[in-house]
Amino acid sequence: QVQLVESGGGLVQAGGSLRLSCAPSGSIISMDAPAWYRQSPGEQRELVALSTNGGETKYADSVKGRFIISRDNAKNTVYLEMSSLKPEDTAVYYCYARLWVVWYAPVKDYWGQGTQVTVSS
């Protein structure tokens, strides 16, 4: 069964940078509307950034100017470049996308397992 797999999380000092990657674990037909969410302990999951199929990108106000979402359609991979990281960016980051896996099945929502990002002060 296809899953979304994230990588690239870790521990970084404030002001540093990290790049997260997300890709399906197997072959798919298409990936639509990929996005990154994050969740801190005791908080609700929040949208960080999304990429529309029309090429638009949208960001949470808290990360504008610091994070960049991008996608490589040939590799069905979505990235989140994070710079000028702050301790308040510490969270588990989740990848989301709508995947069309096989022609005879409908497009479905998929979530990654999450990757921890910790920013130390």
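Structure: above.
First, a word on what this report is: a plain description of the structure on this page. Predicted model, so just to flag it, every value in this text is computed and none were measured. (Residues numbered from 1 in each chain as written. Predicted model: local features only at pLDDT ≥ 70, side-chain atom pairs only at ≥ 80, totals over all residues. Heavy atoms only, no water.)

Looking now at the pattern of salt bridges. Applying the stated criterion across every chain, the model contains six salt bridges. Across the salt bridge formed by R19 and E81, the nearest N and O atoms sit 3.8 Å from each other. Here R19, found in strand β3 (residues 18-24), pairs with E81, found in strand β8 (residues 77-82); they are 62 residues apart in sequence, far enough to count as distant. By relative accessible area, which is 33% here, E81 ends up partly exposed. Taking the shortest distance from any N to any O, the salt bridge between K64 and D61 comes out at 3.1 Å. Assessed through its relative accessible area of 65%, D61 is described here as exposed. Taken together, the salt bridges that share partners define one network made up of R38, E46, R66 and D89. (Salt bridge = Lys/Arg side-chain N within 4 Å of Asp/Glu carboxyl O. Helix = DSSP H or I, 4+ residues; strand = E, 2+ residues; numbered from the N terminus. Buried < 20%, exposed > 50% of the residue type's maximum accessible area, 1.4 Å probe, protein only.)

We now examine the nonpolar core. Among the nonpolar cores identified, the biggest contains 27 residues, and W36, L80, M82 and Y93 are the most heavily contacted of them. Among the secondary structure elements, those contributing two or more residues to this core are β3, β4 (30-39), β5 (46-51), β7 (67-72), β8, β9 (91-100) and β11 (115-120). When residues of this core are assigned to their parent elements, the largest contribution, five residues, is made by β9. (Core = buried A, V, L, I, M, F, W, Y, C linked by side-chain atoms within 4.5 Å.)

Let's shift gears to the pairing of β7. Where β7 lies against β8, six bridges are found, and the strand directions are antiparallel. Along β8, the bridge assignment pairs R71 with V78. Following β7, the chain reverses through four residues before pairing antiparallel with β8; N76 in that reversal takes a positive phi of roughly 50°. (Pairing = 2+ DSSP bridges.)

The next thing to look at is the sheet that holds strand β1 (residues 4-7). Across the sheet, four strands lie side by side as β1-β3-β8-β7; this open sheet has antiparallel pairing. This sheet does not close on itself; its edge strands, each paired only once, are β1 and β7. Averaged over neighbouring strand pairs, the angle between their axes works out to 15° when direction is ignored. As defined by bridge partners, β1 adjoins β3 across four bridges and the pair is classed as antiparallel. Residue pairing across strands places V5 opposite A23, the latter belonging to β3. (Axes fitted to C-alpha atoms, helices over the stretch in contact; angles between N-to-C directions.)

Take unusual backbone geometry next. Backbone geometry at A33 places phi at a positive 45°, although glycine is not the residue there. Within the element layout of this structure, A33 appears in strand β4. What makes A33 partly exposed here is its relative accessible area of 30%. The backbone of N76 shows a phi angle near 50°, a positive value even though the residue is not glycine. Note that N76 resides in the loop between β7 and β8.

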